[in-house]
Amino acid sequence: MADTTTPEDARALRARARATLSALRRKLEFGDVLIFLYLTVFFRQYFWILHNDKLAWRLTILSTALAWGAHMYAKEETPPEERTPRIFWPLVALPLVLVYALRVAFPDLSFDVLNHRLIQSERALHGALLIPGDFFPTIFPFNPASDMLTGITRVWLGYRLGTIINLLALVWAGTVLNKILRPHVERAWLRSSGVLSVLFTEHILFELNNYMVDVLTLPLLLEATRRALRLADDGRAGRDLIYTALLLGACVALKLTNVAMVAPIVALCAYQLFAQSSRPVVNAKSLRFDAKFLSRLLLAALAFLWPLVPHAVYIYRETGSPVFPLYNKIFRSPYWPLVNVYDGRWGAKGFAETLLWPLLLPFRAERLSELAVYSGRISFGVVAAALCLLLPRADRRVRLLAGVALSGAILWSATSGYIRYALYLELLGGVLVLYLARWLAARMSQRPRMMRTAVVSVIVCVLVVQNVLAGVYVSRTEWSRRKTYFERPEDYVSETQYFMHDHTLRKFLPPDKRGLIDGVEAWIVSNVKTNGLEVLFKRDVPMLSVHNLEYFDAPEANRRFARALGDVSGKRMFSLCLTDDLEPSLEFIRRRGLGVGRIERINLPFYSAYTHINTALVEVLPPERAATNAAEFAATQTAAALPAGAYRARLSVKSPPPTLRAGQQETIYVVVKNASAHAWPARGTDDGKYFVTVGNIWLAGGTGALVNNMDGRTRLVQDLAPAAETEVPLRITAPEAAGAYVLELDVVQEGVTWFKDKGSETLKIRIRVE
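Report follows, based on the coordinates. Since this is a predicted model, take the numbers as computed values, not measurements.

### Things to note about the overall build of the chain
Turning to step 1, where the next piece is worked out: Across its full length, the chain carries 26 helices and 15 strands.
Turning to step 2, where the next piece is worked out: In summary, the chain has a C-alpha radius of gyration of 30 Å against a globular reference of 27 Å for 770 residues, a match within 12%.
Turning to step 3, where the next piece is worked out: Principal-axis analysis of the C-alpha atoms places the extent of the chain at approximately 95 × 70 × 70 Å.
Turning to step 4, where the next piece is worked out: The contacts of the chain with a sequence gap of at least 6 include a subset with a gap of at least 24, amounting to 74%.
Turning to step 5, where the next piece is worked out: Here the chain has roughly 34100 Å² of accessible surface; of this, 60% comes from carbon and sulfur atoms.

Here you go:
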């Protein structure tokens, strides 16, 4: 068929394409790119019903693209004065990137990550959280949407750079703050400086490099707040209402504890719609609603529920509760005791302290979080909010914002009081402090400049001091307790070689250990810190938890465990335990009627040559073999002193450190060989005697005088047969004084003797302490 397109048609088509692209450029903002990712994780949950992962992802991407396109089509063009100024990027984004870079080369190994973040993302990206044969491998199967977000960037960029989604979300939050501050701070450089000051709080920056997810909701909460504040002021109330509802629903889906932050914004929307003084959307006196408003209200309700529905329905079908296991006194799931989950370590105690909690925070840092530091942003913000409500002729939107901050602070204090759940309040507090400074500057415009500057500086100094404290805290610690570049520059540079090459944990295993992992057909989760490791090695095998005691307090949960155990009958079961927690893990396994077979130590390089985890791969025996195994275990409890000929050991160390810093702790790996004709017991009696450990003492380098004989100890993970050898991690601590020392390594039968006292040879290593 001949082409009938005329040159005029082609030119018109190109003109329309250019116009479309031009309109898109005028609409497109930094956050719009991230919105695509946020939409993706919610659409993926809707396609959990499909068991074909590839088909589910194709439909997810198609649905997301259509929804994102509709969003961009419906989005109004951002006025030039509200667009992110160029100065924002060097003044705000660049400092955040530098903070992110401090630790990015060292992989995140924080507790929550190993406990439930990794398992939720790995499972949810490929289907439902629980697969056939599972028994609650994570204690709290919450909505995994936020973990799916970090999981996507981890799949794309590798383990280290997967956390970059937190950095991008925080920059997005900064662009929204720029819009919120625009009416009050006209100069772009001054406004950008204020945005950085607002963002610069330690508990936000603590999470920048982690697979923790509290930062991800901040831009959504801020954008919902911005839209709610303008509901009464423009002709886009219907559209803003639906967008706000969608954003707030996403916030609750991403983190259920956000309800305390979402409720004041919902109240703000209601106030804007019903109680505004001019041109009300709804006539508050007659309470007559027109059909157009009711349809918008219905659409807003549906938009709020859309991100929440798939997981709520799924977990309800699995457990009988849409928020399992929370509030089980209300929902009464048969798989959890009839109690409400509550962590009494955190927050206020009693009614009076709850009311005062936002002001007490700097003095109760040990009850704010595990890190026990706080620079006081919420306290300053609450005071600023109270003053903003009292100020004469204060901006109406600022008063509303102050009301949101105060009500949010009270709700947060009453529900948790835990600082990670109040990061939004920290940002609002910074905005209100800046507004207070601006109001004072405006009110004192007729005063001498020196006086005006002095008064405003006092307010600004509050933020500056808090920012400095935040910087000090962040330089010292964060959730994974990793070092910074400045503390370990050589290790940091060495670790950068793994950027974009750390997608798979298995490839970091020594080749002789990979076959052990490949043989796993079911995981028995026996420790709170290992399901993340297990799912990284093998995601698609059943995982049965035996250490979450709350489940075994419920009869129906016990029956479900028995069914899950039947589903994995005949499969090779293993548990990956931290060696420090080996004994409790073995006890949990035996308590469920299972047996313990072979134990293989694995010194696991966690995506790194620098970060290692000492683990033990435990073969778990089915119940029919557990009785024999239990008898063998009981026999080990009658251990006694070894025969005289058993105290013969040969020791070696791979790459011993030639120098250490005074007081430095270091893990060395000792290869221990049983050079006798007798087996060495890994377990002893209940009073802590007769089991075999590897230990060290420190001697003075010149005289050989004893410096310290109570340093490191590591027990064997299993009995060591004659002529067998094993590798043992030993944590040593260098002497406090500089000088030349000898590190002497030996084997000990606890409660009996050092092997050297029975004629065995020790291993001596010369080390310089600086």
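### As for the side chain of Glu495
Turning to step 1, where the next piece is worked out: Note that Glu495 resides in helix H21 (residues 489-495).
Turning to step 2, where the next piece is worked out: Taking relative accessible area as the criterion, Glu495 reaches 1% and is therefore assigned buried.
Turning to step 3, where the next piece is worked out: A distance of 2.8 Å separates a polar atom in the side chain of Glu495 from a polar atom in the side chain of Arg160.
Turning to step 4, where the next piece is worked out: Discounting chain neighbours no more than four positions away, the residues touching Glu495 are Ala105, Phe106, Pro107, Arg160, Ser608, Ala609 and Tyr610.

### Considering the packing of aromatic side chains
Turning to step 1, where the next piece is worked out: For the coordinates displayed, the defined rule picks out 36 aromatic pairs.
Turning to step 2, where the next piece is worked out: A centroid spacing of 5.8 Å and a plane angle of 90 degrees characterise the contact between Phe106 and Tyr492, whose relative ring orientation is edge-to-face. Of this pair, Phe106 sits in the loop between helix H4 (88-101) and helix H5 (111-124) while Tyr492 sits in helix H21, placing them 386 residues apart in sequence. With respect to class, Phe106 is no different from Tyr492; both count as buried.
Turning to step 3, where the next piece is worked out: Taken together, a centroid distance of 5.4 Å and an interplanar angle of 75 degrees make the contact between Tyr485 and Phe486 edge-to-face.

### What about helix H12 (residues 259-274)?
The α-helix winds at 3.6 residues per turn, so residues separated by three or four positions along the chain end up facing the same way.
Turning to step 1, where the next piece is worked out: Relative to the 22 Å expected for 16 residues at 1.5 Å per residue, H12 spans 22 Å between its end C-alpha atoms, a close match to the ideal helical length.
Turning to step 2, where the next piece is worked out: Those residues of H12 not exposed but buried are Ala260, Met261, Val262, Pro264, Ile265, Leu268, Cys269, Gln272 and Leu273.
Turning to step 3, where the next piece is worked out: Buried residues along H12 sit against helix H10 (218-229), helix H11 (237-254), helix H13 (291-305), helix H18 (396-415) and helix H19 (423-443).

### Some thoughts on the pairing of strand S8 (residues 665-674)
Turning to step 1, where the next piece is worked out: With five bridges joining them, strand S6 (residues 649-653) and S8 adopt antiparallel strand pairing. In the sheet register, Leu651 faces S8, and the bridge partner there is Val672.
Turning to step 2, where the next piece is worked out: Pairing analysis gives nine bridges linking S8 to strand S12 (residues 725-733), with the strands arranged antiparallel. Within the sheet, the bridge partner assigned to Glu666 lies in S12 and is Ile732.

### Structural notes on the nonpolar core
Turning to step 1, where the next piece is worked out: Ranked by internal contacts, the top residues of the largest apolar core, which has 163 residues, are Trp412 and Tyr424.
Turning to step 2, where the next piece is worked out: Leave out the neighbours within four places in its chain, and Trp412 touches Ala260, Met261, Trp357, Leu361, Leu368, Ile378, Gly417, Tyr418, Ile419, Tyr421, Ala422 and Leu425.
Turning to step 3, where the next piece is worked out: Ranked by size, the runner-up nonpolar core spans 30 residues in total, among them Leu118, Ile517, Val541 and Tyr607.

### Describing the packing of helix H2 (residues 30-46) against helix H7 (residues 164-181)
Turning to step 1, where the next piece is worked out: H7 packs onto H2 with a crossing angle of 135 degrees between their chain directions and a minimal axis gap of 9 Å. On the basis of their axis angle, the class for H2 and H7 is oblique. Here the hand of the crossing between H2 and H7 comes out left-handed. Across the interface between the two elements, Phe30, Gly31, Leu34, Ile35, Leu37 and Tyr38 of H2 pack against Ile165, Leu168, Ala169, Val171, Trp172 and Thr175 of H7.
Turning to step 2, where the next piece is worked out: For the contact of H2 with H7, the residue count by class is ten nonpolar, two polar and no charged.

### Here we look at the packing of H2 against helix H6 (residues 145-157)
Turning to step 1, where the next piece is worked out: One can describe the packing of H2 onto H6 by two numbers: an axis separation of 9 Å at closest approach and a directional angle of 115 degrees. One way to sum up the angle between H2 and H6 is to call them roughly perpendicular. Classified by chirality, the crossing of H6 by H2 is right-handed. Taken together, the residues of H6 that come into contact with H2 (itself represented by Leu37, Tyr38, Thr40, Val41, Phe42, Arg44 and Gln45) are Ala145, Met148, Leu149, Ile152 and Trp156.

### Considering the sheet that holds strand S2 (residues 543-545)
Turning to step 1, where the next piece is worked out: Spatially, the five strands line up as an open sheet ordered S2-S1-S3-S5-S4, and their pairing is mixed. The open sheet has two free edges, formed respectively by S2 and strand S4 (595-605), since each of these has just one partner strand. Across the sheet, the axes of successive neighbouring strands diverge by a mean angle of 25 degrees, strand direction being ignored.
Turning to step 2, where the next piece is worked out: Of the strand pairs in this sheet, S4 and strand S5 (residues 612-621) are connected by nine bridges, and their pairing is antiparallel. If you follow Ile599 over to S5, its bridge partner there is Val618.

### Considerations on a nonpolar patch on the surface
Turning to step 1, where the next piece is worked out: On the surface, Phe351, Leu355, Leu356, Leu359, Val383 and Leu387 cluster together into a nonpolar patch covering about 580 Å² of accessible area.
Turning to step 2, where the next piece is worked out: Every element with two or more residues in the nonpolar patch is listed here: helix H16 (351-360) and helix H17 (377-390).
Turning to step 3, where the next piece is worked out: The element contributing the most residues to the nonpolar patch is H16, with four residues.
Turning to step 4, where the next piece is worked out: Assignment of secondary structure puts Val383 in helix H17.

### Quick word on the sheet that holds S12
Turning to step 1, where the next piece is worked out: If you trace the three strands from one edge of the open sheet to the other, you get S6-S8-S12, paired in antiparallel fashion. On the outer flanks of this sheet lie S6 and S12, each paired with one strand and no other. Geometrically, the sheet is characterised by an average inter-axis angle of 35 degrees between neighbouring strands, direction not taken into account.

### Thoughts on unusual backbone geometry
Turning to step 1, where the next piece is worked out: Note that the residue after Phe324, namely Pro325, is joined by a cis bond; omega there is -5 degrees.
Turning to step 2, where the next piece is worked out: The topology assignment puts Pro325 in the loop between helix H14 (309-319) and helix H15 (328-331).
Turning to step 3, where the next piece is worked out: With phi around 55 degrees, Arg332 is a residue other than glycine that occupies positive phi space.
Turning to step 4, where the next piece is worked out: Following the sequence through the fold, Arg332 ends up in the loop between H15 and H16.
Turning to step 5, where the next piece is worked out: Residue class for Arg332 comes out exposed when judged on its relative accessible area of 52%.

### Looking at the environment of Ala173
Turning to step 1, where the next piece is worked out: Tracing the sequence through the fold places Ala173 in helix H7.
Turning to step 2, where the next piece is worked out: Residue class for Ala173 comes out buried when judged on its relative accessible area of 0%.
Turning to step 3, where the next piece is worked out: Expressed as a C-alpha distance, the spacing of Ala173 and Phe30, which sit 143 residues apart in the sequence, is 10.0 Å.
Turning to step 4, where the next piece is worked out: Setting aside residues no more than four positions away along its own chain, Ala173 makes contact with Leu199, Leu218, Pro219 and Leu222.

### What to know about H4
Turning to step 1, where the next piece is worked out: Spanning 14 residues, H4 covers 19 Å between terminal C-alpha atoms, matching the ideal 20 Å at 1.5 Å per step.
Turning to step 2, where the next piece is worked out: At Leu94, H4 shows its maximal bend, which comes to roughly 30 degrees, and the proline Pro95 appears one to four places after that position.
Turning to step 3, where the next piece is worked out: By the burial criterion, the buried members of H4 are Phe88, Val92, Ala93, Pro95, Leu96, Val99 and Tyr100.

### Brief notes about the pattern of salt bridges
Side chains that differ in sign of charge can pair as their charged atoms come close.
Turning to step 1, where the next piece is worked out: Taken as a whole and assessed by the stated rule, the structure comprises 34 salt bridges.
Turning to step 2, where the next piece is worked out: With a shortest N-O distance of 2.9 Å, Glu29 and Lys179 are connected by a salt bridge. You can see Glu29 sitting in the loop between helix H1 (7-27) and H2 and its partner Lys179 sitting in helix H7, a full 150 residues away along the chain.
Turning to step 3, where the next piece is worked out: Lys529 is the salt-bridge partner of Asp581, the closest N and O atoms lying 3.4 Å from each other. You can see Asp581 sitting in the loop between strand S3 (573-578) and helix H25 (582-591) and its partner Lys529 sitting in the loop between strand S1 (522-525) and helix H23 (531-537), a full 52 residues away along the chain.
Turning to step 4, where the next piece is worked out: We classify Lys529 as partly exposed; its relative accessible area is 26%.

### With respect to the environment of Gly695
Turning to step 1, where the next piece is worked out: With respect to the helices, strands and loops of the structure, Gly695 is situated in strand S9 (residues 692-700).
Turning to step 2, where the next piece is worked out: A C-alpha to C-alpha distance of 51 Å links Gly695 and Ala173, two positions 522 residues apart in sequence.
Turning to step 3, where the next piece is worked out: Not counting chain neighbours up to four residues away, the residues in contact with Gly695 comprise Gly712, Arg713, Leu730, Glu744, Leu745, Asp746 and Trp754.

What counts, and at which threshold
Residues numbered from 1 in each chain as written. Predicted model: local features only at pLDDT ≥ 70, side-chain atom pairs only at ≥ 80, totals over all residues. Heavy atoms only, no water. Helix = DSSP H or I, 4+ residues; strand = E, 2+ residues; numbered from the N terminus. Rg over C-alpha atoms; globule rule 2.2 N^0.38 Å. Contact = heavy atoms within 4.5 Å. Areas by Shrake-Rupley, 256 points an atom, 1.4 Å probe, with all protein chains shown as cover. Buried < 20%, exposed > 50% of the residue type's maximum accessible area, 1.4 Å probe, protein only. Polar contact = N/O pair within 3.5 Å; in protein donor to acceptor, adjacent residues only side chain to side chain. Phe/Tyr/Trp six-rings, centres within 6.5 Å; stacked < 30°, edge-to-face > 60°. Expected span 1.5 Å × (residues − 1). Pairing = 2+ DSSP bridges. Core = buried A, V, L, I, M, F, W, Y, C linked by side-chain atoms within 4.5 Å. Axes fitted to C-alpha atoms, helices over the stretch in contact; angles between N-to-C directions. Parallel < 35°, antiparallel > 145°, perpendicular 65-115°, else oblique. Left-handed = near helix turned anticlockwise from the far one by under 90°. Nonpolar A, V, L, I, M, F, W, Y, C, P; charged D, E, K, R; others polar. Patch = residues over 30% accessible without salt bridge, like charges linked within 9 Å, V, L, I, M, F, W, Y side chains within 5 Å. Salt bridge = Lys/Arg side-chain N within 4 Å of Asp/Glu carboxyl O. Bend = angle between axes of the 7 residues up to and from the residue.

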